[in-house]
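Per-entry structural report
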Amino acid sequence: MRRGPLLVTFLSGTAIAALFFIPHHTAQAVNSMLLEWTLVVYAFALILGSLSLWNSHARKVKNRAEGWAYSIVTL
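Below you will find a few notes about this structure. Because the structure is predicted, anything quoted here is derived from the model rather than measured.

Let's talk about the overall build of the protein chain
- If you tally the helices and strands in the protein chain, you get three helices and zero strands.
- For the protein chain, the succession of helices and strands along the chain, N to C, is α-α-α.
- For the protein chain, the C-alpha radius of gyration of 20 Å lies well beyond 11 Å, the compact-globule estimate for 75 residues.
- Overall size of the protein chain, expressed as C-alpha extent along the three principal axes, is 60 × 25 × 15 Å.
- Here the protein chain holds 75 residues, and the buried ones make up 8% of them.
- Accessible surface for the protein chain amounts to roughly 6700 Å². Of this, 73% is attributable to carbon and sulfur atoms.

The following block contains the structure:
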């Protein structure tokens, strides 16, 4: 079960690398679609990560937890 994400990542990377070098128009269309989905996933991960970073450091500053001054710099 712990190898599931690693397997998905490996297979996705292998597929994208293979599709990049296949000159067939169908392969190029699939590669283009995968790259568009990559942008969608990237945007979602960026928003989610930013919210998580802001939330955790704002909570640390609010509670004056250990190292809260560094959290101000991070924010």
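Now that the structure has been shown, we can carry on.
Re the environment of Ala-29
- Secondary-structure assignment places Ala-29 in helix H2 (residues 25-62).
- Along the sequence, Ala-29 and Thr-74 sit 45 residues apart, while their C-alpha atoms lie 41 Å from each other.

Details of a nonpolar patch on the surface
- On the surface, Val-30, Met-33, Trp-37 and Val-40 cluster together to form a nonpolar patch covering roughly 390 Å² of accessible area.
- On the secondary structure map, Val-40 appears in helix H2.
- For Val-40, a relative accessible area of 47% corresponds to the partly exposed category.

The rules behind each value
Residues numbered from 1 in each chain as written. Predicted model: local features only at pLDDT ≥ 70, side-chain atom pairs only at ≥ 80, totals over all residues. Heavy atoms only, no water. Helix = DSSP H or I, 4+ residues; strand = E, 2+ residues; numbered from the N terminus. Rg over C-alpha atoms; globule rule 2.2 N^0.38 Å. Buried < 20%, exposed > 50% of the residue type's maximum accessible area, 1.4 Å probe, protein only. Areas by Shrake-Rupley, 256 points an atom, 1.4 Å probe, with all protein chains shown as cover. Patch = residues over 30% accessible without salt bridge, like charges linked within 9 Å, V, L, I, M, F, W, Y side chains within 5 Å. Salt bridge = Lys/Arg side-chain N within 4 Å of Asp/Glu carboxyl O.

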